[in-house]
Amino acid sequence: MKELLLLSGLGIAALVFEILNIRKLILPFAIVGLLVNIGFCFNDFGTNENIYGMLVLDKIPLAFTILFSFIAILWLIFSFNYIKNDHSQSDHYSLVLFSLVGVFILSSYTHLAMLFLGVEILSIPVYVLAGSNKRSLNSNEAAFKYFILGSFASGFLLLGITFVYGAIGSFKLMQIVSTSMSTYGISQQLLMVGLVLILFALAFKMSAVPFHFWTPDVYTGAPTVITAFMATIVKIGAIVGFYRLFSVVISFYTTYNIILLVISTLTIVLGNVIAATQSNTKRMLAYSSIGHAGFIILGITVLSPSTTYVTWHYLLAYTLSSLAAFWVFYLVSEQAEQEEEISIFKGLVKRNPVLAGSMTIALLSMAGIPPLSGFFAKYFILVNVLASGKTMIAVIAILASLIGVYYYFKIIIAMFSMDAEGTTPIRISGFNTIALLLITALIILAGIIPDIILRFVFR
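It should be emphasised that the depicted structure is a prediction, and the values quoted were computed from it without experimental measurement.

Colleague: Where do I start with the overall build of the protein chain in this structure?
Modeller: Within the protein chain, the secondary structure is distributed over 19 helices and 2 strands. A compact globule built from 459 residues would reach a C-alpha radius of gyration of about 23 Å, and the protein chain, at 21 Å, matches this within 12%. Over its C-alpha atoms, taken along the principal directions, the protein chain stretches across nearly 75 × 60 × 45 Å. The buried share among the 459 residues of the protein chain stands at 60%.

Colleague: I tried to follow helix α17 (residues 391-416) on my own but got confused; where do I start?
Modeller: Counting along an α-helix, one turn takes 3.6 residues, and residues three or four places apart therefore face a common direction. With 26 residues, α17 should cover 38 Å at 1.5 Å per step; its first-to-last C-alpha distance of 37 Å lies within 8% of that length. Roughly 25 degrees is the biggest bend found in α17, and it falls at Phe-409. Buried residues of α17: Ile-393, Ala-394, Ala-397, Ala-400, Ser-401, Gly-404, Tyr-407, Tyr-408, Ile-411, Ile-412, Ala-414 and Met-415, and no others. Its buried side turned inward, α17 meets α11 (255-275), α12 (281-301), α14 (348-351), α15 (353-367) and α16 (373-387).

Colleague: Just to check I follow, could you spell out the nonpolar core for this structure?
Modeller: General note: in soluble globular proteins, nonpolar side chains tend to be found buried as a group. Trp-75, Leu-115, Leu-245 and Phe-345 are the most contacted members of the largest nonpolar core, which totals 172 residues. Residues within four places of Trp-75 in sequence aside, it is in contact with Ile-83, Val-96, Val-225, Ile-226, Ala-228, Phe-229 and Leu-323.

Colleague: Is there a simple way to think about the side chain of Ser-170 in this case?
Modeller: Structurally, Ser-170 can be placed in the loop between α6 (137-168) and α7 (173-181). Polar side-chain contacts of Ser-170 include one of 3.1 Å to the backbone nitrogen of Lys-172. When sequence neighbours within four positions are dropped, the list of residues in contact with Ser-170 reads Val-164, Tyr-165 and Gln-175.

Colleague: When you look at unusual backbone geometry in this model, what are you seeing that I'm missing?
Modeller: If a residue is not glycine, its phi is most likely negative; likewise, a peptide bond is most likely trans. Look at the link from Val-209 to Pro-210: it is a cis peptide, with omega at 5 degrees. Within the secondary structure, Pro-210 is located in the loop between α8 (188-206) and α9 (214-221). Cis geometry is found at the peptide bond from Pro-370 to Pro-371, where omega equals 5 degrees. Looking at the secondary structure, you find Pro-371 in the loop between α15 and α16. Although it is not a glycine, Tyr-52 adopts a positive phi angle of roughly 55 degrees. Within the secondary structure, Tyr-52 sits in the loop between β1 (49-51) and β2 (55-57). Positioned with a positive phi, Ser-207 is a non-glycine residue whose angle comes to about 65 degrees. By the element assignment, Ser-207 lies in the loop between α8 and α9.

Colleague: Looking at this model, I keep getting lost on the packing of aromatic side chains. Mind explaining?
Modeller: Two measures describe an aromatic ring pair: the distance that separates the ring centres and the angle between the ring planes. Counted by the stated rule, this structure contains 25 aromatic pairs. On the numbers, 6.1 Å between centres and 20 degrees between planes, the contact of Phe-295 with Tyr-314 is stacked. Here the residue Phe-295 occupies a position in helix α12, and Tyr-314 occupies one in helix α13 (residues 307-335), the gap between them amounting to 19 residues. For Phe-295, a relative accessible area of 1% puts it in the buried group. Each residue in the set Tyr-127, Tyr-146, Phe-147, Phe-204, Trp-214 and Tyr-219 is aromatic and connected to the rest through ring pairs, giving one cluster. Positioned above the aromatic ring of Phe-40, the side-chain terminus of Lys-2 is 5.7 Å from the ring centre.

Colleague: Looking at this model, I keep getting lost on the packing of α8 against α11. Mind explaining?
Modeller: What describes two packed helices is the angle between their axes and the distance between those same axes. It is at 12 Å that the axes of α8 and α11 come closest, and there the two elements cross at 25 degrees. Accordingly, the angle class assigned to the pair α8 and α11 is roughly parallel. Here the hand of the crossing between α8 and α11 comes out right-handed. Along the contact surface, α8 presents Leu-191, Met-192, Leu-195, Val-196 and Leu-199, while α11 presents Thr-255, Tyr-256, Ile-259, Leu-260 and Ile-263.

Colleague: Would you explain α6 in this entry?
Modeller: Taking 1.5 Å of rise per residue, the 32 residues of α6 would be expected to cover 46 Å, and the 46 Å separating its terminal C-alpha atoms lies within 8% of that figure. A positive phi of about 75 degrees marks Gly-169, the residue just after α6.

Colleague: Looking at this structure, how should I read a nonpolar patch on the surface?
Modeller: Taken together, the side chains of Met-392, Val-395, Ile-396, Ile-398, Leu-399 and Leu-402 make up a nonpolar region of the molecular surface, amounting to roughly 550 Å² of accessible area. In this fold, Val-395 is placed in helix α17. On the basis of relative accessibility, which here comes to 38%, the residue Val-395 falls in the partly exposed class.

Colleague: Can you help me understand the environment of Leu-382 in this one?
Modeller: Here Leu-382 shows up in helix α16. Among residues more than four places away in sequence, those in contact with Leu-382 are Phe-295, Ala-394, Ala-397 and Ile-398.

Colleague: Honestly, the packing of helix α3 (residues 59-83) against helix α18 (residues 430-448) in this entry has me stumped. Any pointers?
Modeller: Interaxial distance between α3 and α18 falls to 11 Å at its minimum, and their mutual angle equals 150 degrees. It follows that α3 is roughly antiparallel to α18 by the angle criterion. In terms of crossing hand, the pair formed by α3 and α18 is left-handed. Contacts between α3 and α18 involve Phe-70, Leu-74, Ile-77 and Asn-81 on the former and, on the latter, Phe-431, Asn-432, Ala-435, Leu-438, Ile-439 and Leu-442. For the contact of α3 with α18, a count of residues per class yields 8 nonpolar, 2 polar and no charged.

About the criteria used
Residues numbered from 1 in each chain as written. Predicted model: local features only at pLDDT ≥ 70, side-chain atom pairs only at ≥ 80, totals over all residues. Heavy atoms only, no water. Helix = DSSP H or I, 4+ residues; strand = E, 2+ residues; numbered from the N terminus. Rg over C-alpha atoms; globule rule 2.2 N^0.38 Å. Buried < 20%, exposed > 50% of the residue type's maximum accessible area, 1.4 Å probe, protein only. Expected span 1.5 Å × (residues − 1). Bend = angle between axes of the 7 residues up to and from the residue. Contact = heavy atoms within 4.5 Å. Core = buried A, V, L, I, M, F, W, Y, C linked by side-chain atoms within 4.5 Å. Polar contact = N/O pair within 3.5 Å; in protein donor to acceptor, adjacent residues only side chain to side chain. Phe/Tyr/Trp six-rings, centres within 6.5 Å; stacked < 30°, edge-to-face > 60°. Lys NZ or Arg CZ within 6 Å of the ring centre and 35° of its normal. Axes fitted to C-alpha atoms, helices over the stretch in contact; angles between N-to-C directions. Parallel < 35°, antiparallel > 145°, perpendicular 65-115°, else oblique. Left-handed = near helix turned anticlockwise from the far one by under 90°. Patch = residues over 30% accessible without salt bridge, like charges linked within 9 Å, V, L, I, M, F, W, Y side chains within 5 Å. Areas by Shrake-Rupley, 256 points an atom, 1.4 Å probe, with all protein chains shown as cover. Salt bridge = Lys/Arg side-chain N within 4 Å of Asp/Glu carboxyl O. Nonpolar A, V, L, I, M, F, W, Y, C, P; charged D, E, K, R; others polar.

Keep in mind these numbers describe shape, not what the thing actually does.
The following block contains the structure:
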């Protein structure tokens, strides 16, 4: 309970600091608050706190809370240069912190009403953040498009929850389990329609095919810092929300496995194939995020005792790599007058070796090159897929990953090519250098010692 109160309090504090005209304290206060939140989570392991029958804080939600709190700290550091000059910085910080409340609820809900609340508390601040660059027509368009399509998804979600309630007479997840054992008086057709509608809504939030079409436009139109937030924190919230419901559903209703296998396979293939055709870096990273979402959904679909750990590790590897990639892209595009083409990376190794090195490690990890964390993230999922007897799907996923290697290497080759786009060195602050080196080290460590990290978090 104190994690929820703390995150909510941080959002309110950001607004109070604005009234007191002490905006400079918002960022350090938020970072300290998130560190305290991580400490609360470690302290609460084993308590299995049940909050009014709506949320439960066992080790799974606590582990995911640790993950998104840590990534949020890194994102806040990344966003400092972007937000510090904005006169509405307290609004930015409060929106981000309130959206973390939504991610926390999605990590811990046991009641479908909380699923809806979590999705909305997460989404509404992000609609505003996507349009936070008021002078950019693309940013305004991205926000409007995201809001309209997100509203449709929310409608599907609410309708699906209503159907599920109509079928089983309860909003509780455990009641869905009970209905699988005793079907007397249960409308299976209504339950199926309801769960499929919820699946469609969550697929939209995760950018899964065929509900992915908004992602490239919104990612491209939104400010790069906000795009990084959507590709990391928002992605964690959507996937954890999906995992909590459908890990229960597919345990007792195998019918949904086929639907999820189709969605995950199409998401992996289309995400990687279309990413390979892009020359705009943000669109390429957007389609790349779609491919990674497909991998995570596939890992959840082939449910096994290790699925929680595999999903957590994949999200750790993906969010670290994605954050590093967007961070470097932001710094390079600033020098290139906001250009977003892959060509802006030409000769980057000569202009700033730290940026080139961090970007290379991040891209190699997302491509699944050993021994980086992205390799083991995919490896663990493919092991589970093969163990479940779905060899053909594993082969398709591997082939799609090979396509991913091609488009990630387009940027790496550009960075190490001799014909530099510009000869001016890119100077970055020591703060950015240390942060990027730290993330790079974490990407490597999460690949070398994944078992130690998992044992430390899931103790």
